[in-house]
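# Remarks on the overall topology
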Amino acid sequence: MDATTAPHHIPPEMPQYGEANHIFELMQSMLEQLLIHQPKDPIPFMIDHLQRDNDNVPRVIILGPPASGKTTIAMWLRKHLNCVLLTVENLIAKQYSSLATSARSHYQKMKAVPRRLLVKLIQERVQEEDCVNRGWILDGIPETREQALMLQTLGITPRHVIVLSAPDTVLIERNLGKRIDPQTGEIYHTTFDWPPESEVQNRLIVPEGISEHETAQKLLEHHRNIIRVLPSYPRVLKVISADQPCVDVFYQALTYVQTNHRSNAPFTPRVLLCGPVGSGKSLQAALLAQKYSLVNVCCGQLLKEAVADKSRHGEVIQPYFEKEMAVPDSVIVNTLSQRLNQQDCVQKGWVLHGFPRDLDQAHQLHSLGHEPNRVFFLNVPLDSVIERLTLRRTDPVTGERYHLLYKPPPTMEIQARLRQNPKDTEERVKLKLSLFYRNSAELEQFYKQAITLNGDQDPYTVFEYIESGLIHPLPNEVL
């Protein structure tokens with residue numbers, strides 16, 4: 001591009017393609033891998049990296065004090081995500097590895113593996129094919145800040161870090177009842193998780209180091225180290241209370257590891273707000289436009305402006321307005337497309353409401369290349385919509401708008417002269433609601449990644465939910 005012609009008119013297809021295919025994240029990932037591995041010939045390295053297509057495989061660290069259940073959660077996640085579980089025990093048990101042989105020797109003598117040796121073992125293991133292609137979970141590693149920094153230096157960086165937490169008294173009591181199946185490695189508890197099979201019960205053993213004194217010592221060491229480990233993972237860390245049923249802990253952990261982190265990629269919001277009349281779409285659109293400098297595109301208002309401006313589209317629309325007839329979809333789509341193609345919409349982004357109202361309109365909008373990257377459905381019960389709309393009134397003298405419940409007129413004189421818009425009668429409102437809900441199921445099916453919100457609450461609470469859905473990536477589908 002010629003810099004002297006700035007500002008450049010960027011075709012709308014370019015940012016849409018970049019967002020749809022995650023081009024920014026792709027380039028960022030390749031750059032990270034190049035800087036970490038520093039290959040002599042970058043081109044074959046990048047080709048190999050792209051062919052692996054493993055940027056989104058699980059890379060999870062689970063930390064927590066003794067008896068917090070981290071090993072159980074790690075094992076459940078491994079089964080669900082089909083990735084590789086890495087523990088100190090299975091790392092040092094690895095066959096045909098000189099590092100593992102050395103680690104076993106140290107472990108037999110000292111009941112511990114030197115930090116540097118453990119980190120080298122992890123580096124060796126995560127470079128193997130199964131870890132590269134399926135991802136990995138590190139159980140209880142790193143234990144210290146030094147280990148965390150060594151892992152980062154070697155480019156071993158997790159996408160998600162889960163830290164389990166519970167009161168020490170709970171952990172000590174829980175640890176005393178721990179039992180292990182020597183055949184499977186499964187962990188059981190005398191109170192909370194006792195196996196039903198008598199055969200399994202009979203072979204359970206009491207693990208070493210679970211007395212109250214030994215557990216208290218381990219907890220003290222954990223607390224001393226964990227406060228120095230956590231700052232190493234500021235953007236990818238989630239603390240989950242372990243003082244609740246194990247299944248609840250697991251589902252919170254699973255939800256988190258299946259969530260994408262907020263991207264640094266340039267993002268041009270193209271927001272579609274859907275909902276019945278009276279659901280608050282106009283207010284939410286105004287709030288979004290004000291805070292994020294988006295172009296507020298109200299379909300009904302756009303048609304009125306086209307008529308007022310006496311534009312080419314306005315001349316086509318005016319006869320339908322004069323006869324109080326519905327404007328054909330083709331005319332609406334052409335008018336809307338012209339507006340969305342303007343440079344302010346392309347550069348700043350837009351928030352659209354009032355269109356589409358059915359599946360055919362959605363297909364027409366899609367065919368012209370106008371695809372929203374965030375869609376929100378505002379659900380409001382019938383009674384609330386009727387209360388919101390049928391009690392609206394206008395003062396014909398001042399033009400001031402009132403609501404008999406939320407914003408009543410200040411004097412009886414004003415109340416006496418208030419008028420109701422014919423569109424706000426209960427019959428008209430119910431008809432519009434019926435039309436919307438008749439088509440809403442098909443629209444929700446068309447926009448499969450749409451976020452459904454409860455619109456029957458404080459408007460600023462609704463806005464906070466919309467804002468959260470706007471700035472965070474859409475969640476992965478739960479398997």
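So, here's what we can say about the structure. On a predicted model such as this, the values are computed, not experimentally measured, just so you know. Counting restarts for each chain, with residues numbered from 1 along the sequence as it is written. Only residues with pLDDT of at least 70 get local features here, since the model is predicted, and only at 80 or more are side-chain atom pairs given and counted; chain-wide, interface and lining totals rely on the full set of residues. Water and hydrogen atoms were dropped before computing side-chain values, which therefore reflect all heavy atoms in the structure.

Spanning 13 residues, helix α23 (residues 459-471) covers 18 Å between terminal C-alpha atoms, matching the ideal 18 Å at 1.5 Å per step. For each residue, the accessible area found with a 1.4 Å probe, counting protein chains only, is set against the maximum for its type, and the residue is called buried under 20%, exposed over 50%, and partly exposed in between. A helix here means a DSSP run of H or I that spans at least four residues, while a strand means a run of E at least two residues long, and both kinds are numbered starting from the N terminus. Of the residues making up α23, those classed as buried are Val 462, Phe 463, Ile 466, Glu 467, Gly 469 and Leu 470. Buried residues of α23 fall within an arc of 165° about the axis and therefore sit on the same side. Residues of α23 that are exposed and point more than 90 degrees away from the buried face comprise Tyr 460 and Glu 464. The criterion used for residue contact is that any of the two residues' heavy atoms lie within 4.5 Å. Among the structural elements, β8 (270-274), α14 (281-292), β11 (374-379) and β14 (451-454) are those in contact with the buried residues of α23. Two N or O atoms count as a polar contact when they lie within 3.5 Å, although within protein this holds only if one can serve as hydrogen donor and the other as acceptor, and sequence-adjacent residues are included solely when both atoms are side-chain atoms. Its side-chain oxygen placed 3.0 Å from the backbone nitrogen of Tyr 460, Asp 458 serves as the N-cap of α23. The span one expects for a helix is its residue count, reduced by one, times 1.5 Å. Arc definition: directions from the helix axis to the C-beta atoms.

The patches reported here contain residues having more than 30% relative accessible area and no salt bridge. Joining distances are 9 Å for like charges and 5 Å for nonpolar side chains (Val, Leu, Ile, Met, Phe, Trp, Tyr). Accessible areas in this description were obtained via Shrake-Rupley with a 1.4 Å probe; residue shielding takes into account the shown protein chains only. Salt bridges are defined by distance alone: a side-chain nitrogen of Lys or Arg within 4 Å of a carboxyl oxygen of Asp or Glu. All tallies of charge rest on Lys and Arg as positive and Asp and Glu as negative; His and the ends of each chain are not included. By convention, charge coordinates are those of NZ in Lys, CZ in Arg, CG in Asp, or CD in Glu. Side chains of Lys 304, Arg 357, Arg 401, Lys 423, Arg 428 and Lys 432 sit close together on the surface and give a patch of like positive charge. With respect to the element layout, Arg 428 can be found in helix α22 (residues 426-446). A residue is classified by how much of its surface remains accessible, and Arg 428, at 39% relative accessible area, is partly exposed.

Within a sheet, each strand pairs with its neighbour through backbone hydrogen bonds, oriented either parallel or antiparallel. Spatially, five strands are ordered β2-β3-β1-β4-β7 in an open sheet, and the strand pairing comes out parallel. Bordering the open sheet on either side are β2 (84-86) and β7 (237-241), each of which pairs with just one other strand. Adjacent strand axes in the sheet meet at a mean angle of 20°, parallel and antiparallel pairs treated alike. Should DSSP find at least two bridges between two strands, the strands are regarded as paired. Taken together, the four bridges between strand β1 (residues 59-63) and strand β3 (residues 136-139) define a ladder with parallel strand orientation. The residue bridging Arg 59 from the neighbouring strand is Trp 136, located in β3. To define axes, lines are fitted to C-alpha atoms, for helices over the stretch in contact only, and angles between the resulting N-to-C directions are given on a 0 to 180 degree scale.

On to the packing of aromatic side chains. Classification of ring pairs uses Phe, Tyr and Trp, with its six-membered ring standing for Trp, and accepts pairs whose centres are within 6.5 Å; under 30 degrees between planes counts as stacked, over 60 as edge-to-face, and the remaining range as tilted. Tallied over the entire structure, the rule returns four aromatic pairs. Relative to Phe 250, the ring of Trp 76 has its centre 5.6 Å away and its plane inclined at 85°; by these criteria the two rings are edge-to-face. You can see Trp 76 sitting in helix α4 (residues 70-81) and its partner Phe 250 sitting in helix α13 (residues 246-257), a full 174 residues away along the chain. Taking the relative accessible area as the measure of exposure, Trp 76 reaches 29% and is therefore partly exposed. For Phe 250, a relative accessible area of 8% corresponds to the buried category. With a centroid separation of 5.1 Å and 75° between ring planes, the pair formed by Phe 436 and Tyr 437 is classed as edge-to-face. By relative accessible area, Phe 436 is classed as buried at 12%. On the basis of relative accessibility, which here comes to 38%, the residue Tyr 437 falls in the partly exposed class. Taken together through their ring pairs, the aromatic side chains of Trp 76, Phe 250 and Tyr 251 make up a single cluster. The ring centre of Tyr 402 lies 5.6 Å from the NZ or CZ of Lys 407, which sits over that ring. Whether a charge sits over a ring comes down to the Lys NZ or Arg CZ being within 6 Å of the ring centre and within 35 degrees of the ring normal.

With that out of the way, let us pick up the sheet that holds β8. The sheet built from five strands is open, its strands ordered β9-β10-β8-β11-β14 with parallel pairing. At either end of the open sheet lies a strand with only one pairing partner, and these are β9 (295-298) and β14. For this sheet, the mean inter-axis angle between neighbouring strands, taken without regard to orientation, is 20°. With four bridges joining them, β9 and strand β10 (residues 350-353) adopt parallel strand pairing. Across the sheet, Val 295 pairs through a bridge with Trp 350, a residue of β10.

Quick look at unusual backbone geometry now. Pro 142 follows Ile 141 through a cis peptide bond whose omega is 10°. The linkage connecting Phe 355 with the following residue, Pro 356, adopts the cis geometry, with an omega of 0°. Following the sequence through the fold, Pro 356 ends up in the loop between β10 and α19 (359-367). One non-glycine residue, Asn 82, lies in positive phi territory at about 55°. Of note, Ser 293 is a non-glycine position whose phi angle comes to about 55°, a positive value.

This paragraph deals with the environment of Ser 384. On the secondary structure map, Ser 384 appears in helix α20 (residues 382-390). You can call Ser 384 buried: its relative accessible area is 15%. For the pair Ser 384 and Asp 53, spaced 331 residues apart in sequence, the C-alpha to C-alpha distance is 49 Å. At 3.0 Å, the side chain of Ser 384 and the side chain of Asp 456 are in polar contact.

Time to look at the nonpolar core. The nonpolar core is taken to be a set of buried Ala, Val, Leu, Ile, Met, Phe, Trp, Tyr and Cys residues, with the residues joined through side-chain atoms within 4.5 Å. Counting 55 residues, the largest nonpolar core has Leu 77, Ile 122 and Ile 162 as the members making the most contacts within it. Core analysis: the next-biggest nonpolar cluster, separate from the first, contains 26 residues, Val 297, Cys 345, Leu 352 and Leu 443 among them.

Moving on, we get to the pairing of β3. Burial of β3 is two-sided: the residues Trp 136 and Leu 138 facing one way and the residues Ile 137 and Asp 139 facing the other way are all buried. In the sheet, β2 pairs with β3 via three bridges, with the strands oriented parallel. Counted as the bridge partner of Val 84 is Trp 136 from β3.

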